[in-house]
Every structure is written in structure tokens, then in C-alpha cells.
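Structural characterization, general
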Amino acid sequence: MNKRIIGWTLVGGAAAVLIGCATAPTDAETSAKATQVLKASFKARGQAGMDRLDQDETQKTCSEFAGKPLPKDVAEKIEKVNLAAIKWPADGKLMGDWRNGEKIAQEGRGKQFSDDPKGPVGGNCYACHQLAPAEVSYGTIGPPLYQFGKVRGYNDDIRKYAYGKIWNAEAYSACSNMPRFGHSQILTEAQVKDLVALLMDPQSPVNQ
Amino acid sequence: MNKLPPPPGRPKAGAPLGGGRRRRLRGDHHPADIRLGAVASGFALVVGVAFAQSSAVDEIAKYRAALQDGNPAELWEARGEGLWKQPGGPNKVSFEKCDLGLGSGVVKGAYAQMPRYFADADRVMDLESRIVWCKVKLQGFSEADAKKNPFGGPDNKADMEALVAYVTSESRGVKMNVAGAHPKEREAYRLGEKMFYFRGGSHDFACATCHGVDNQRIRLQDLPNLTTKEGAQKAYTTWPAYRVSQGELRTFQWRLYDCFRQQRFPELEFASDASIALTMFLAQNANGAAFDAPAIKR
């Protein structure tokens, strides 16, 4: 009697597992469906076309691993691909004018469907980072950058790192929250140089 | 104080249309006092910033606390109640037979259990998409007309915002209890979760970029961490809200629409499947907390 009950329980359990396997979609299937539903739920407006929802490999991989630990090999691949994609300035100069840089760091407009496509477009750095001490309205999603150059040293390695990081943050920290300002054509080369100056010029308010 | 005064920046805001309940702003504050309070707090805020950031944050907290005294959202609630109860649309019928999930015409507590699966539509709907459904099925509107003008602006009152204000106000104090038993409810939750982590657009932003970690800010604006129960509960139960900076009552559909705008995505379509899935994900995460809206926010 007992054996029979156990037997039926096992059969029932196996059936439940089979049904479960047959009906529960895999994670990849759910992702694919979510992307499909998402694309059907938006419409192009102003400068924000539907191509904004076409993910590149970095976006796709980072979405997949969001909320989970990023495997080392996956992180290294993302960083390698993005590092190789950085366009370094042809004239070899990494720094522009920190005064322009401060304006770019303050400017929050750009790329929203509600923004004028003719500009201005800013980096909105203060939204996430502390920079010049005079600006106390700063966000905390990114690390504080106050005295960035003063602390790290005013040398070529750090200037190059600053330029590369602003151009393509994924090259140094896979699945960083920071936009790829140069790579994704948010800011121009000249604007990126001005931001490097804001971080690296000894005269910049950031380094006082 | 029995008459409904106009909210700040919106002198022509609607009075109740039907013979609805009389409502009063909580507390004794005249709107002029609210305005003065806002100016005074704004001044205090500037002074605070001049000293130190922490005091600026304190001043903002005080400003928010001061706002709680009188909430113009009640004007939208009253107008919405009128719209709900009076005959409308080509069929000239009210919403009083509209089934929000708890039976025909039951409004009390309905929002605390939405989004949910509706057998008659064979899909999951949030409040806004259910109102659209009732406008089509009961009142005789075309679907396109039923979805028109979801968000108001200056000199443009959106009936949808008023209807949502009324229905949600009838769940104030009710514990969030969004179901996830039906396969389509489970699917909506899973899809919403994926969408929450979907990185795209020119800036690589996902919802999670700003709402995945505790105690972060954009400029001085605190960001709720929507991946924790506590964060989702606090955020979700305080929408819809009267936005002081806009002089408008904003619904959860608007909240999603405007987040995606700032995410540099294209325009999220009103009552779209993605908007419902994301709402399902966030609403279910808020289960167990008492619903506390329409609220008031900066």
C-alpha cells in the first residue's frame, strides 16, 4: 500500500516536472519576448528613432547579466571590444578648455525626444558625479571626481585614461552605468577634450 | 473652506462635474499659503545650499513635508468621480458598470489589485488600459479616441488623469495585493523584469541604471531602488501624484513615459503592453504595503 502511494507520488512528481519544463519559458526566450514586446510598445519621436532600441553586443550582454555577477571572461571581452573601438584624437592632444568643460558638465540637454536636435548637447556629468566644489547639486551614481587630477597626478597616462573613460566607459569597466559619450556620438571629440581639461587642468576648479 | 480653490499655477482647474462628494484640502492651508510656503522653503533651500549640501538635502525634506499639508490632487479626484458617474461617450453611459476586477462597478480597493488578468479581454491590464477598455466596450468610443490625450498640460485637462485620480484614491490605505497566479500575470511580471534591465538608446540606460542601488541621487533628487521590496513599496504606493513643478496630477503611465524620455528612448505608447508589463513588475514588488496615493511630489 505504502509502496503504491510512493509510486504514484513519483509518477505525479515526474509529470509535474515534465509539465513545468514544457510550459516555463527559458530565460533566453523571456528576453527575446521582452525585446519584441518592448519594440512594439514604442514609437519614433523627434530625434529618438526606433533604432534606439536596437542593442549592440555590449548593451545586450549587460542586460542579460544585470542583477547577476558578471563572469570574468565576459567582462574582459566587453572591455577589449570597447577599448579597441576608442577613437583617439588625431592631433594627439587630449586636453581642451576646462571653462567649456564645466559648461558641458552642467548641461543636461541632448538626445531626448523633447530636446532640440540642433542642440545643445551636454554630458550632464553633475547628474552623477561631484566635480567642482562650488556646485553642490551633484548626484552620487558615479564616484566623486573632485581633485581628480590633483590626486592622481597631472601626467599623460591619467590624461589618456580620462579621455578613454569619457569616450567609452565600457573599455575600463564592463557594464558601467556611464554612457559612452564619444563612442555613441553623444559628445564631439572637442567636447570630450574639454571635459578632460575640467578633470586634468591644474587651473580647473575641480583641482582646487 | 468648502469651495475647492484652484491649485497653484492652474487657475482654471476643474471643479467637480457631478454632484460628487464635497472634498476639502487637508489641513487649514489656503493655496496662497501653500505657495508662500513653497517660496519660503525655496529661499531656505538656496540659503541651505550656500552652506553645505547636507543642509540643502534637509531643506528639501522640509519642503516635501510642508507639501503634505494640502494636496491639489483632490481636485482631480473630485473631477474624476464626476466623470466616472456621469453618462459619457457615444453610448451615453457612465463607468458605473466598468469592472476593474472586483466586479461590475466596484471601485473601492480595486487599484491595489491591479494590474491583473481580465478574462473578458484575455489579457493583463493596468488601470489605464482597463479604463480604455471600458470607454470602448461600455461608452462606445473607438480605441484611438479612448486613448487620446492621456496626459494634461496647460489649458488641457486630461480626463484620464482625473479618472485615475478618483479610482486610485479609493484604494488609499488598502494593502497592495497584486495577483501573480494566472500564467499571463506571471508572464507579464517576467517580461516587465526583463524590460527593467533592458539597456538601450544613445546612453546605454536601463531603468536599473538609476533604480537598482540604494541611496543614490541624480543631482539632489533621491532615487528609489526599485529592485528591493522596500524601495518598490515606497515608490509605487505614492503614484499617481500631484507634481508641484508641473501643476498637474501625473499617473503611473506618465511616470514610465517620462522616465523613458529621460532614458533617451523613443516614446512609450500609452497603455502599451510594455507599460503594463513594467507596471506589473513594480506593482507586484510593492505587495504588502498600504497604498498611499494620489500623493504630492516636488
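All figures in this text were calculated on a predicted structure; none of them were measured in a lab. (Residues numbered from 1 in each chain as written. Chains lettered and ligands numbered in written order. Predicted model: local features only at pLDDT ≥ 70, side-chain atom pairs only at ≥ 80, totals over all residues. Heavy atoms only, no water.)

**Notes on the overall build of chain B**
- Within chain B, the regular secondary structure consists of 11 helices and 8 strands.
- For chain B, buried positions account for 56% of its 298 residues.
- A sequence separation of at least 24 residues applies to 68% of the contacts in chain B between residues at least 6 apart.
- When the accessible surface of chain B is summed, it comes to about 12600 Å², and 54% of that surface belongs to carbon and sulfur atoms. (Helix = DSSP H or I, 4+ residues; strand = E, 2+ residues; numbered from the N terminus. Buried < 20%, exposed > 50% of the residue type's maximum accessible area, 1.4 Å probe, protein only. Contact = heavy atoms within 4.5 Å. Areas by Shrake-Rupley, 256 points an atom, 1.4 Å probe, with all protein chains shown as cover.)

**Re the confidence of the model for chain B**
All names here are of chain B.
- Residues of chain B with pLDDT of at least 70 account for 81%, and the chain-wide mean is 86.
- Throughout residues 1-50 the model reports pLDDT below 50, and contacts reaching past four residues in sequence, or to other chains, amount to 71 contacts.
- Model confidence for the complex: the whole-complex pTM is 0.84, and ipTM, which rates the interface, is 0.89. (pLDDT = per-residue confidence, 0-100.)

**Regarding the pattern of salt bridges**
Residues and elements named next belong to chain A.
- Scanning the model with the defined rule gives 27 salt bridges over all chains in all.
- Measuring nitrogen to oxygen at the nearest pair gives 3.2 Å for the salt bridge that ties Arg159 to Asp156. Separated by 3 residues within a single helix, Arg159 and Asp156 lie in helix H7 (residues 156-167), roughly one turn from each other.
- For Arg159, a relative accessible area of 19% gives the class buried. (Salt bridge = Lys/Arg side-chain N within 4 Å of Asp/Glu carboxyl O.)

**Here we look at the environment of Tyr257 of chain B**
- Residue position: Tyr257 of chain B is located in helix H10 (residues 252-262).
- By relative accessible area, Tyr257 of chain B is classed as buried at 13%.
- Note: C-alpha distance between Tyr257 of chain B and Pro87 of chain B (170 residues apart in sequence) is 30 Å.
- The residues touching Tyr257 of chain B, leaving out its near neighbours within four places in the chain, are Arg45 and Phe113 of chain A together with Phe151, Glu267 and Leu268 of chain B.

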